[in-house]
Protein chains: 2
Amino acid sequence: MISLKAQYGLKAIVALAAHYGKGALQAKEIAGSQDVPVRYLELLLSQLRRARLVEATRGKKGGYFLSKKPNTISVYDIVAAFEGSVLFPQNGRNRKDSLSFVWKEAEKSVVKYFRSIKVSDLVPKLKSGKEMYHI
Amino acid sequence: MISLKAQYGLKAIVALAAHYGKGALQAKEIAGSQDVPVRYLELLLSQLRRARLVEATRGKKGGYFLSKKPNTISVYDIVAAFEGSVLFPQNGRNRKDSLSFVWKEAEKSVVKYFRSIKVSDLVPKLKSGKEMYHI
């Protein structure tokens, strides 16, 4: 499941991607531009640090920055940092279930889609500040 | 998210599909063949009745049966009976989010996949009692 955490986590990552190569961003700067509470954002950022997608520096000019190039980070990397599984809770029963291939195939196709979108692709969408696609 | 409810709900529907045209099945018969506790299964069946996928009759030969042909019911119908949304919790914030198209497109592709699988396709898989596909 794509929790709100993962959704805000992606926004934070894309905000950092937009600033890539221009030094660190403070949590309050990201929070302000993305309309997320700072304390909540800091929780997400520490989870993204544990997933080695984000690094942090201390001091006056300290803050957060991406640990690698935006075109090498996919949406799936962010989802995986927050969710164990995209579609369904994993447990022993799932594996024994004779119909589990239905859910596994669906999971596989979503993961493939998430892997195909790089964070760098999303920078222009975030900047625009409105939905580009209506479905 | 595909909860365990939806996963067991699908198994119940496929068990009923295997019995389609041969009268009603009792909850305990389905439960026994699918290794699900009867009380839990009855909860799922009442949810599937509200979604008009299943009907019930009372009396000695009473039980549950599909309300329509197994080849006109898709996996998506079962998922929709249990989940509001496949991939992510819907709320006002999702819609305002400039990156929400990422999640919406993913949702769309999973829904399309679930719609493409009919309950009748799954009858032989369930009968076999083991996983047919290894991913």
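Our subject is the structure listed above.
This section reports on the structure supplied with the text. (Residues numbered from 1 in each chain as written. Chains lettered and ligands numbered in written order. Predicted model: local features only at pLDDT ≥ 70, side-chain atom pairs only at ≥ 80, totals over all residues. Heavy atoms only, no water.)

In a soluble, globular protein the nonpolar side chains are often hidden away together inside. Counting residues in hydrophobic clusters, the biggest one holds 92 residues, and the most contacted among them are Phe114(A) and Phe114(B). Apart from residues lying up to four places away in sequence, Phe114(B) is in contact with Val102(A), Trp103(A), Ala106(A), Ile2(B), Ser74(B), Val75(B), Tyr76(B), Val79(B) and Val86(B). (Core = buried A, V, L, I, M, F, W, Y, C linked by side-chain atoms within 4.5 Å. Buried < 20%, exposed > 50% of the residue type's maximum accessible area, 1.4 Å probe, protein only. Contact = heavy atoms within 4.5 Å.)

We now examine helix α2 (residues 27-34) of chain B. Residue and element names in this part refer to chain B. Among the residues of α2, Ala27, Ile30, Ala31 and Gln34 are the ones counted as buried. Along the long axis of α2, the arc covered by the buried residues comes to 100°, so they all point the same way. Opposite the buried face of α2, by more than 90 degrees, sit the exposed residues Lys28 and Gly32. Downstream of α2 by one or two residues, Asp35 has phi in the positive range, about 60°. (Helix = DSSP H or I, 4+ residues; strand = E, 2+ residues; numbered from the N terminus. Arc of directions from axis to C-beta.)

Residue and element names in this part refer to chain A. Taking 1.5 Å per residue as the helical rise, helix α1 (residues 4-18) with its 15 residues ought to reach 21 Å, and the 21 Å between its terminal C-alpha atoms agrees with that figure. Of all 15 residues in α1, 12 are buried; the element is thus mostly enclosed. Those residues of α1 that sit buried are Ala6, Gln7, Tyr8, Gly9, Leu10, Lys11, Ala12, Ile13, Val14, Ala15, Leu16 and Ala17. (Expected span 1.5 Å × (residues − 1).)

Residues and elements named next belong to chain B. For the pair helix α4 (residues 75-82) and helix α6 (residues 100-116), the least separation of the axes is 6 Å and the interaxial angle reads 120°. Taken as axis vectors, α4 and α6 run oblique relative to one another. Every residue of α6 that contacts α4 at Val75, Tyr76 and Val79 is listed here: Val111, Phe114 and Arg115. Here the contact of α4 with α6 is composed, by residue class, of five nonpolar, no polar and one charged. (Axes fitted to C-alpha atoms, helices over the stretch in contact; angles between N-to-C directions. Parallel < 35°, antiparallel > 145°, perpendicular 65-115°, else oblique. Nonpolar A, V, L, I, M, F, W, Y, C, P; charged D, E, K, R; others polar.)

Evaluated as defined, the whole model comprises six aromatic pairs over all chains. With 5.9 Å between their ring centres and 85° between their planes, Tyr8(A) and Tyr40(A) make a pair best called edge-to-face. Of the two residues, Tyr8(A) sits in helix α1 while Tyr40(A) sits in helix α3 (residues 38-50), which places them 32 residues apart along the sequence. Judged by its relative accessible area of 9%, Tyr8(A) falls in the buried class. Classification of Tyr40(A) as partly exposed rests on a relative accessible area of 25%. Between the aromatic rings of Phe114(A) and Trp103(B), the centroid separation amounts to 5.4 Å while the plane-to-plane angle is 75°, which identifies the pairing as edge-to-face. One end of the pair, Phe114(A), is in helix α6 (residues 100-116); the other, Trp103(B), is in helix α6, on a second chain. Taking the relative accessible area as the measure of exposure, Phe114(A) reaches 0% and is therefore buried. Ring pairing ties together the aromatic residues Trp103(A), Tyr113(B) and Phe114(B), which thus form one cluster. (Phe/Tyr/Trp six-rings, centres within 6.5 Å; stacked < 30°, edge-to-face > 60°.)

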